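Observations on the three-dimensional arrangement
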Amino acid sequence: MGDMPARLLDLLSLLQSPRDWPGSELAGRLGVSRRTVRRDIDRLRELGYPVRAAMGAVGGYRLAAGTAMPPLLLDDEEAVAIAVGLRTAASHPVAGIEEASVRALAKLEQVLPSRLRHRAGVLAAATVTMPPGGEAPVDPRNLVVLAAAATNRERLRFAYRSGDGTETRRLTEPYRLVAAGRRWYLLAYDNDRDDWRFFRVDRIGEPQATGVRVPARVPPEQDAAAFVTGKMYSLAPTYQVVATLHLPAGQVRSRLGPAAGEVEPIGERSCRLRGPADTLEWTAARLLMLGCEFEVHEPPELSAYLRELGARATRAAQPPGGAGDAPGSGGPDDTRTLSPGSET
C-alpha cells in the first residue's frame, strides 16, 4: 500500500500517452500483476479520471477527455520544451492567450526542479527570435515575477524608466497584466503616489517581491484592459481629420478598413473623409498610401506635417551635389558642345 500513490502517478503518466495500453503491458511497465492494474484503474476512476477500456486483441486502456484536466506528468524534455515555448509566447504574445501563457509559465517555473529551470533558461538565452514590428522585447522572467505578485497580492518594488528617460523606484501593489498588441502593461496601485497607475513592462527593471501581503484593493474598473486602454487614449493627443479624397468611397473604405471613420461620397470618383486620429505620422502615411490626390481641410497640424514630409521627400530625391540633372549642370542631359582640347 505504501507504493500505491507513486504507482498511481506512474500509471497516470503512462495513460497520458495518446494510445491504447494493454493490461499486460501496463503490468510489465509497473512491475505488478494484471489484477493490480485493474484495481489501480478503478482507483483512478474513483478519483475522477475517465479511463476507458476497449475489449479485444487490439484493445486496452486509454485516458479519455473528461470534465476536468488531470495534472500533467511531464518528463524532463517535455517540461523544458513547454517552459521555453511559454517564454516565447510571453515575449511575443499571441492574441487571446497572452495572460494565460504568463500564468502557466509562473506555475511551471514554481515547480520545475533547479536542473530543469537551468536548462530552460540556457536554451531560452541561446535562442534569438526576431522582434515583431521593432517593439521593445519583454523579459519573461520579469513577467513571471509580476504575475506571481499580482496573484499573491504581494507588494512589489521595481525600477521604472518613463518615456522621457527619467529613472524612478516604485513600490506598488500589482493587480493585473494587460497585453495590448505587442506590448505588456502592468496595472498596479502606486503606494508612493496613492493612486492607480499602469506601467509598460519593457520599461520595468529589477522587479522584487517584498514578501508583504496586502488586502485586495478595489480596482478603478473590473475590466483591467478597458481601464488601461482608456487611459492610453486619454493621454494621447487626438485630432479630427477632414479631407477630400479623389478616389471612390468604396475603394477608400476597403483600403482603410473599419478604422477609416466616416466616408461620404461627393461624386463618382471622390469622397469626404472624417474621423479621429491619434498620430499625425500614421494618418499622413495612410493617406499617402491610398495612391490618390487629396486635400486636407483639418487639422492644420496635419497639413503642416505633410508639407514638412513633402519637403523632406524632395530633398531625399535630389542626386548627390544637389544640382540635379538640370541643363547646364553637367548631368546626363547636358547638351553643351565641348570645344577642341577641352577636358571631358
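This write-up is about the structure you can find in this document. (Residues numbered from 1 in each chain as written. Predicted model: local features only at pLDDT ≥ 70, side-chain atom pairs only at ≥ 80, totals over all residues. Heavy atoms only, no water.)

Attention shifts here to the nonpolar core. Counting residues in hydrophobic clusters, the biggest one holds 22 residues, and the most contacted among them are Leu245, Val252, Val263, Leu287, Val296 and Leu302. Contributing elements (two or more residues each) for this core: strand S8 (239-245), helix H9 (249-256), strand S10 (270-277), helix H10 (280-288), strand S11 (294-298) and helix H11 (300-317). Excluding residues that lie within four positions of it along the chain, Leu245 makes contacts with Val252, Arg269, Ser270, Cys271, Leu273, Leu287, Leu290, Cys292, Glu293 and Phe294. The next biggest cluster of nonpolar side chains, apart from the first, holds 17 residues, and it includes Leu12, Trp21, Leu26 and Val37. (Core = buried A, V, L, I, M, F, W, Y, C linked by side-chain atoms within 4.5 Å. Buried < 20%, exposed > 50% of the residue type's maximum accessible area, 1.4 Å probe, protein only. Helix = DSSP H or I, 4+ residues; strand = E, 2+ residues; numbered from the N terminus. Contact = heavy atoms within 4.5 Å.)

This paragraph deals with the pairing of strand S5 (residues 183-190). With 7 of its 8 residues buried, S5 lies for the most part within the structure. Both S5 and strand S6 (residues 195-200) contribute to a ladder of 6 bridges, which runs antiparallel. Bridge pairing links Tyr189 to Trp196 in S6. Between S5 and S6, which pair antiparallel one after the other, the connecting turn spans 4 residues, and Asp194 there sits at a positive phi close to 55 degrees. (Pairing = 2+ DSSP bridges.)

Time to look at the pattern of salt bridges. In total, this model carries 13 salt bridges according to the counting rule given. Between Arg169 and Glu206 there is a salt bridge, with its nearest N and O atoms 3.3 Å apart. One end of the pair, Arg169, is in strand S4 (residues 167-180); the other, Glu206, is in strand S7 (residues 204-213), and 37 residues separate them in sequence. Using a relative accessible area of 56% as the deciding quantity, one classes Glu206 as exposed. Linked by salt bridges that have partners in common, Arg7, Asp40 and Arg43 make up one network. (Salt bridge = Lys/Arg side-chain N within 4 Å of Asp/Glu carboxyl O.)

Time to look at helix H2 (residues 23-30). All buried positions along H2 are accounted for by Gly23, Leu26, Ala27 and Leu30. Along the long axis of H2, the arc covered by the buried residues comes to 100 degrees, so they all point the same way. Summarising the geometry of H2, the exposed residues directed more than 90 degrees from the buried face are Gly28 and Arg29. Close packing links the buried residues of H2 with helix H1 (4-15), helix H3 (34-46) and strand S2 (60-63). (Arc of directions from axis to C-beta.)

In this fold, Asp40 is placed in helix H3. A polar atom in the side chain of Asp40 sits 2.5 Å from the side chain of Arg7. Dropping the residues within four chain positions of it, Asp40 is found in contact with Met4, Arg7, Leu8 and Leu11. (Polar contact = N/O pair within 3.5 Å; in protein donor to acceptor, adjacent residues only side chain to side chain.)

Along the chain, Thr172 turns up in strand S4. Its relative accessible area of 0% is what places Thr172 among the buried residues. Spatially, the C-alpha atom of Thr172 lies 7.9 Å from that of Asp192, the residues being 20 residues apart in sequence. Setting aside residues up to four positions removed in sequence, Thr172 forms contacts with Glu154, Arg155, Leu156, Phe158, Ala188, Tyr189, Asp190, Asn191 and Phe199.

Now for helix H7 (residues 140-152). Helix length check: H7 (13 residues) gives 18 Å between terminal C-alpha atoms against 18 Å at 1.5 Å per residue, within 8%. Just downstream of H7 lies Arg153, where phi reads positive at about 50 degrees. (Expected span 1.5 Å × (residues − 1).)

Once that is clear, we can look at the environment of Arg274. Relative to the assigned elements, Arg274 resides in strand S10. Spatially, the C-alpha atom of Arg274 lies 9.1 Å from that of Thr244, the residues being 30 residues apart in sequence. Ignoring anything within four residues of it in the chain, the contact list for Arg274 reads Gln240, Val241, Val242, Ala260, Gly261, Glu262 and Glu264.

Among the surface-exposed residues, Arg34, Arg35, Arg38 and Arg39 lie close enough to one another that they form a single positively charged patch. By the secondary structure assignment, Arg34 is in helix H3. (Patch = residues over 30% accessible without salt bridge, like charges linked within 9 Å, V, L, I, M, F, W, Y side chains within 5 Å. Areas by Shrake-Rupley, 256 points an atom, 1.4 Å probe, with all protein chains shown as cover. Lys, Arg positive; Asp, Glu negative; His and termini not counted. Charge placed at Lys NZ, Arg CZ, Asp CG, Glu CD.)

Turning our eyes to something else, we now look at the side chain of Glu154. Tracing the sequence through the fold places Glu154 in strand S3 (residues 154-161). Of the side chains with opposite charge, Arg213 comes closest to the buried, unpaired Glu154, at an N-O distance of 5.8 Å. A polar atom in the side chain of Glu154 sits 2.7 Å from the backbone nitrogen of Gly211. In this structure, Glu154 is in contact with Ala149, Thr172, Pro174, Ala209, Thr210, Gly211, Val212 and Arg213, ignoring residues within four places of it in sequence.

These figures come from the coordinates and say nothing about function on their own.
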